[in-house]
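If you want the building blocks of each chain, they are given just below.
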Amino acid sequence: MSDSEKLKALLKLVLDTAPEEIDCEQVLDVLCQYVELRQSQPLRAQSAEEFQCLRQHLSVCHECVEELEALERLFGAD
Amino acid sequence: MNPTVRSNEEWQQALSRSPPDEAALIDLRRTLKASLSKALGASWGVDEADLEDFAQESLLRVLDKRGQFRGQSRFSTWASSVAIRVALTQLRRRRAPTLDWESLPGLTPVAEGLAPVDEMEQRELIRALGEAVETRLTKTQRQVIRALLEGLPLVAVADRLGKTTNAIYKIYFDSRKRLRRALEESGYKLEERHE
C-alpha cells in the first residue's frame, strides 16, 4: 500500500471516530448478544440502535470484525 | 450431560465448585474445541495440534474470566467468543509482519496512489492528515498509528511496547480523536458519522 493509500485508510478511520467508543474488551459481551439475536431474528430498529456502539467499534477495528465473522461461521455451521 | 442443554446457571454452578465439576470441565473443553474448529478451521488454516493448544488455553481463560460473564447471552456462546479471541490473538501474533521500529516509514501524501477522480478536497484532507500525523501526535501515538497501518495486529504492537492490547486501543482511539480535532481546527467540516 502506498503512503497515500495508507492515509486514505487512516482518513476513513478518523472520520469514523466517535467522541466515546467501547473497547475490544467491552465488545466481547455485546458481540455474543448481537450474534445470538441476529441468528434468531432480523434486528428490530430498536435493537439496531442498541448495537450502535458495536457497529461504531467494528467500523474502526478490523480485528473485532474478524472475531464477529468467526462467531457467525460458528453459528452458520450449526 | 450434553453441553448444549446446560443452562447458564448450571454452567456457573458446576464451574464455581472447588474443584470445578470434572464432567463440566470435559464438556466445556470439548465445546471450545468444536467451536474453534467450526469458527476458524478452513479460514485460518489451523491444524489439530493448534486446536488442542487453543482449546486448553481457552479453557483456562474462560475459568479465569467466568466472573465477568453477565448472562446476556448463552454461556456457551460467551465461552466460544473468549476462545475465538484467544486463538486469533495467538494466530495474529504468529503471523505478524516484522517491522523495523526505529525506522518506521513516514507518511508522505503524493499524487501516486490517488485516483484522478479523487476530489480536490479529499486530496487536501489527506495532505492535512499526513501533516497532522507528523505534527500533532506524540511519538508513541505516531508509532502505534504507523504500525497499525503497516498491518501489525494490536497484540504485536502491545508486545513491542510492553503494554496491554486495551492500552494500545486507547492510544489508537486518542490518536484518531486528536487527528480529527486537528482537521477540524484547520477548517475542515467533517461529517458526524456517529451521534
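Residues numbered from 1 in each chain as written. Chains lettered and ligands numbered in written order. Predicted model: local features only at pLDDT ≥ 70, side-chain atom pairs only at ≥ 80, totals over all residues. Heavy atoms only, no water.

(A) Layout of the overall build of chain A. Regarding its fold elements, chain A presents five helices and zero strands. From first element to last, N terminus to C terminus, chain A shows the α and β order α-α-α-α-α. Sorting the 78 residues of chain A into buried and exposed places 54% on the buried side. The contacts in chain A between residues at least 6 apart in sequence include a share of 66% that link residues at least 24 apart. (Helix = DSSP H or I, 4+ residues; strand = E, 2+ residues; numbered from the N terminus. Buried < 20%, exposed > 50% of the residue type's maximum accessible area, 1.4 Å probe, protein only. Contact = heavy atoms within 4.5 Å.)

(B) A look at the overall build of chain B. Within chain B one finds eight helices and zero strands. Starting at the N terminus and ending at the C terminus, chain B contains elements arranged as α-α-α-α-α-α-α-α. A total of 195 residues make up chain B; the buried ones form 45% of that total. Across chain B, the fraction of contacts at a sequence separation of at least 24, relative to all contacts at a separation of at least 6, is 61%.

(C) Focus on empty space enclosed by the protein. A full pass over the atoms with the stated rule returns one cavity of 30 Å³ or more. Asp29 of chain A together with Phe69, Arg70, Gly71, Gln72, Ser73 and Trp78 of chain B together form the lining of the largest cavity. Partitioned by chemical class, the residues of the lining of the largest cavity number two nonpolar, three polar and two charged. (1 Å grid on protein atoms, 1.4 Å probe; cavity = no way out; pocket = protein on both sides within 12 Å on 5 of 7 lines; lining within 4 Å. Points joined across faces, edges and corners; volume = space filled by probe spheres on them. Nonpolar A, V, L, I, M, F, W, Y, C, P; charged D, E, K, R; others polar.)

(D) Local environment of the nonpolar core. Ranked by internal contacts, the top residues of the largest apolar core, which has 81 residues, are Leu10 of chain A together with Leu28, Leu40, Phe75 and Leu183 of chain B. Not counting residues up to four positions away in its chain, the partners in contact with leucine 183 of chain B are Leu11 and Val14 of chain A together with Leu125, Ala128, Leu129, Tyr188 and Leu190 of chain B. (Core = buried A, V, L, I, M, F, W, Y, C linked by side-chain atoms within 4.5 Å.)

(E) Summary view of the packing of aromatic side chains. All names here are of chain B. By the definition in use, this model includes six aromatic pairs over all chains. Three or more aromatic residues link up through ring pairs in this structure, and these residues are Trp11, Phe69, Phe75 and Trp78. Over the ring of tryptophan 11 we find arginine 6, and its NZ or CZ is 4.8 Å from the ring centre. Seen from the ring of tyrosine 172, arginine 176 lies directly overhead, with NZ or CZ sitting 4.1 Å from the centre. (Phe/Tyr/Trp six-rings, centres within 6.5 Å; stacked < 30°, edge-to-face > 60°. Lys NZ or Arg CZ within 6 Å of the ring centre and 35° of its normal.)

(F) Fine view of the interface of chain A and chain B. The interface of chain A with chain B comprises 46 residues on the first partner and 55 residues on the second. Each partner contributes to the roughly 4700 Å² buried at the junction of chain A and chain B, and carbon and sulfur atoms together form 57% of this total. For the pair chain A and chain B, the interface holds nine salt bridges. Here lysine 65 of chain B ties to glutamate 25 of chain A by a salt bridge, and the two come within 2.6 Å at their closest N and O atoms. (Buried area = accessible area lost by both parts, 1.4 Å probe. Salt bridge = Lys/Arg side-chain N within 4 Å of Asp/Glu carboxyl O.)

(G) Quick peek at the environment of leucine 71 of chain A. Turning to its location among the elements, leucine 71 of chain A is positioned in helix H5 (residues 62-76). The buried category is assigned to leucine 71 of chain A, whose relative accessible area is 1%. Once the C-alpha coordinates of leucine 71 of chain A and leucine 31 of chain A are considered, the two residues, 40 residues apart in sequence, prove to be 8.6 Å apart. The residues contacting leucine 71 of chain A, other than those within four sequence positions of it, are Leu31 and Val35 of chain A together with Thr77, Ser81 and Ile84 of chain B.

(H) Layout of helix H2 (residues 22-45) of chain B. The largest bend in H2 of chain B amounts to roughly 40° and is located at alanine 39 of chain B. Turning to H2 of chain B, its buried residues are Ala24, Leu25, Asp27, Leu28, Thr31, Leu32, Lys33, Ser35, Leu36, Ala39, Leu40 and Trp44 of chain B. As for H2 of chain B, its buried residues are in contact with H5 of chain A together with helix H1 (8-16), helix H3 (48-65) and helix H4 (75-95) of chain B. Regarding H2 of chain B, its N-cap is aspartate 21 of chain B, as a side-chain oxygen of that residue lies 3.1 Å from the backbone nitrogen of alanine 23 of chain B further along. (Bend = angle between axes of the 7 residues up to and from the residue. Polar contact = N/O pair within 3.5 Å; in protein donor to acceptor, adjacent residues only side chain to side chain.)

(I) Spotlight on the confidence of the model for chain A. Residues of chain A with pLDDT of at least 70 account for 90%, and the chain-wide mean is 87. The least confident element of chain A is helix H3 (residues 45-50) of chain A, whose mean pLDDT is 66; the most confident is helix H4 (residues 52-60) of chain A, at 94. (pLDDT = per-residue confidence, 0-100.)

(J) Summary view of H3 of chain B. Look at H3 of chain B: 25 Å from first C-alpha to last across 18 residues, which is about the 26 Å you get at 1.5 Å a residue. Taken as a whole, H3 of chain B has its buried residues at Asp50, Leu51, Phe54, Ala55, Ser58, Leu59, Val62 and Lys65 of chain B. Angularly, the buried residues of H3 of chain B cover 160° about the axis, an arc narrow enough to put them on a single face. Residues of H3 of chain B that are exposed and angled more than 90 degrees away from the buried face: Asp53, Leu60 and Asp64 of chain B. Taken together, the buried residues of H3 of chain B touch helix H2 (24-40) of chain A together with H2 and H4 of chain B. The residue sitting at the N-terminus of H3 of chain B and contributing the capping side-chain oxygen is aspartate 47 of chain B; that oxygen lies 3.2 Å from the backbone nitrogen of alanine 49 of chain B. (Expected span 1.5 Å × (residues − 1). Arc of directions from axis to C-beta.)

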